[in-house]
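Chain by chain, the residues run as shown.
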Amino acid sequence: MENFKIEVDSDGIALVTFDVPGRTMNTLTASVIREIGEVVEAIKTDDAIKGAVLTSGKTTGFCAGADLGELGGAEGGIGGGDLKAAFDAGFALNKAFRALETGGKPIAAAINGLALGGGLEMTLACHYRVVADNPKIQLGLPEAKVGLLPGGGGTQRLVRLMGVMAAAPYLLEGKSMKPDEALALKVVHEVVPADQVIEAAKTWIKTKGDAVAPWDKKDFKLPGGGPYTPTGSQVFVMGNAMLRKQSYGNYPAQLNIMKAVYEGTQVPFDAAIRIETRYFLKTLMSPQAKGMIRTLFLSLQELGKGSGRPAGVPHYDVKKVAVLGAGMMGAGIAYVQAMAGIETVLIDQTQEAADKGKGYAQALVTKAVSRGKMTKEKGEGILALIHPTSDYAHVKDSDLVVEAVFENRDVKASVTKLAEVQLADTAIFGSNTSTLPITGLAKASVRPASFIGIHFFSPVDKMGLVELIMGEETSQEALAKSIDYVLKIKKTPIVVNDSRGFYTSRCFGTFVQEGMELLSDGYAPAIIDNVGRATGMPRGPLEMHDDVALDLSYKIAQQTKKDLGDKYEERPFTAIIEKMVDGEGRYGRKNGKGFYDYPENGPKTLWKGLADLAPVKIAEVDKAGIEEIRTRLLYRQAVEAARCFEEGVITDPREADVGAILGWGFAPWTGGPISLIDGLGVAKFVEACDALAQKYGARFAPPQLLRDMAAKGETFYSRFGVKEKAAA
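Residues numbered from 1 in each chain as written. Predicted model: local features only at pLDDT ≥ 70, side-chain atom pairs only at ≥ 80, totals over all residues. Heavy atoms only, no water.

## Looking at the overall build of the chain
Scanning the chain from terminus to terminus reveals 29 helices and 19 strands. In terms of overall dimensions, the chain is globule-like: its C-alpha atoms have a radius of gyration of 28 Å, near the 27 Å expected for 728 residues. Seen along its three principal axes, the alpha-carbon backbone of the chain occupies a region of about 85 × 60 × 55 Å. Here the chain holds 728 residues, and the buried ones make up 55% of them. Long-range contacts, defined as pairs at least 24 residues apart, comprise 72% of the intrachain contacts of the chain with a sequence gap of at least 6. Surface accessibility of the chain: about 31,200 Å² in total, with carbon and sulfur atoms responsible for 53%. For the chain, the separation between the mean place of its 85 positive charges and that of its 88 negative charges on side chains is 3 Å. (Helix = DSSP H or I, 4+ residues; strand = E, 2+ residues; numbered from the N terminus. Rg over C-alpha atoms; globule rule 2.2 N^0.38 Å. Buried < 20%, exposed > 50% of the residue type's maximum accessible area, 1.4 Å probe, protein only. Contact = heavy atoms within 4.5 Å. Areas by Shrake-Rupley, 256 points an atom, 1.4 Å probe, with all protein chains shown as cover. Lys, Arg positive; Asp, Glu negative; His and termini not counted. Charge placed at Lys NZ, Arg CZ, Asp CG, Glu CD.)

Here you go:
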């Protein structure tokens, strides 16, 4: 066998070592699944084998789950359109694990590292589970996070071990557990030192060695009761309501998990896993699963490895970085750099302001230490890497400069000149601007080839994306060095070309702007935000506008108006923002006054004065009206993303989709705006946008690129040269 090695000791216990060749982590490939059957057969037919211990030969972990790159097989879908073939292919993992479980000899899992997805399901099919005592080990079923449900018996075995209520967050949210938690929940039987997991597993086989799973015994009872018991029925009634509240019906995976559990817990186990497989296939073939697997797993993984990095440029190890501006953004950048071991000079106009910026990192470190997530010594080492100052002489010897001052062209030009005097020829200058074109900002630089946009997202310590913006003169070397920097601070880079607002800010802006359009149309603010959340966005457009700051939007609009002159389009909502900022001093969440009031104690409430600026004409909407608002909010963003492709602002569908979800929280269930268009079909999207444009204006008009693609039956993922990996 290629993936497993079997060694039988003098006690007749077979040590089965799982070790996929050529990979840093074990995954369940098609060949692994086939060989599990061979392992089972070898154990069953060899009379010298009394039982077996399954462990990993990798130091990285036990198994990370199914190989999502393989999942689904051919382009035409799993099974090639034949339902029986599709079921047989989908049931292969369940069949293999069930054979392991019912082979007649005791099998123990010696879990020496993380076990996720199919990896955990493999151990659940063993009769006994021993896990290493390491708090870094994760055990879980994260399939729901990429639009799938567990397909190797996870929906059935976990609830039979824990009960439906206890298992729900691990199935529906993809929550993981640490070894001690798994022991308390009876998911594993023992937690022992790492060097004793195999011996402990062997001891169980020699002393107890029960080869029958609990659910295969006549006296088995589901913990907490099934759907038709007094306790169990309440779980499903309440669970259904909570699921709807959290997902708004956007995620078929969660609903299908609930169905699989509901139906599976009422039948014998062999029937239950067949039910699971049917729901697994139904979920796998949904547009949501296809988009989420591709974007949130495959594309995210590729971009996280620097797939967009220009070839031929030597690796650039960034050791020292100067951050100009110690406000919230600059302070956050300084913190993530120090966390990555980068010496950081944090500069502001005064020493007091610079010290305050370091205080942000101090607060985060103190919190981590108090919660036991970081040692005091490590925290002190991180803080020692941040040097707050007002003296630009300290920029000297920096490998990179990140400018993070106000969105004002003159201020940015001033600090650029002050910093560049200190820089070596090999250093890179990055501007953390969210809207101002990089080519224009680079005019203040004497080295425009080394000038690039490095756009972070707030809060920097939590947001995983960095948008790199190429100016007209930015070199490929500067891009390569910037990607090396982004990867070192453990962020995901996307690369875009220069324009006002670039890609993320430009497309995100359409979401909050469309919310303002709805407000101008007379929709009640509560309707706008409630439906906005129901689209799958993290907040409604008015809430999100408050979060990013109304005065920032106002300043950007004023700068844009100044730059564009007669080409600037004044919208009806512009006057509302102007009155709120200039007339009422309402800047958003940051000063406690925006579309909402934010009291120090208590929940936010809508500002009553908003009705005077934007009178409510539509206080109620029916189902069709809700769908219309949903479509306006989502399609407005998607059509803008398509325009970015037509204008060459972004050229890679993977970066467009990953950037949208990580950058501004575009509805994850879609897989991103480009996957939304491709999943719907370009022709249908064009038709829908034409109808919206006729009703609401040219902002919805599809670009010529979309019309051309519709005529040729193309998708973004096929046209723009990214080979599509079938998710189903």
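Anyway, onward from the coordinates.
## Quick word on the sheet that holds strand S10 (residues 320-324)
With mixed pairing, eight strands are arranged side by side in an open sheet as S12-S11-S10-S13-S14-S15-S16-S17. Of all strands in the sheet, those with a lone pairing partner are strand S12 (386-389) and strand S17 (492-497), marking the two edges. Looking at each pair of strands side by side, their axes are set apart by 25° on average, direction ignored. Across the sheet, helix H13 (residues 351-370) lies against strand S11 (343-347) and S12, angled at about 155° from S12, the strand it touches most. (Pairing = 2+ DSSP bridges. Axes fitted to C-alpha atoms, helices over the stretch in contact; angles between N-to-C directions.)

## Quick word on a nonpolar patch on the surface
On the surface, a cluster of nonpolar side chains totalling about 310 Å² of accessible area is made up of Val-237, Met-238 and Met-242. By secondary structure assignment, the location of Met-238 is in helix H8 (residues 230-247). (Patch = residues over 30% accessible without salt bridge, like charges linked within 9 Å, V, L, I, M, F, W, Y side chains within 5 Å. Salt bridge = Lys/Arg side-chain N within 4 Å of Asp/Glu carboxyl O.)

## Thoughts on helix H11 (residues 287-304)
Counted at 1.5 Å a residue, the expected span for H11 with its 18 residues is 26 Å, and the 24 Å between its end C-alpha atoms agrees. Of all bends in H11, the biggest is about 30°, found at Arg-294. Within the span of H11, buried status applies to Gln-288, Ala-289, Gly-291, Met-292, Ile-293, Arg-294, Thr-295, Leu-298, Ser-299 and Leu-303. (Expected span 1.5 Å × (residues − 1). Bend = angle between axes of the 7 residues up to and from the residue.)

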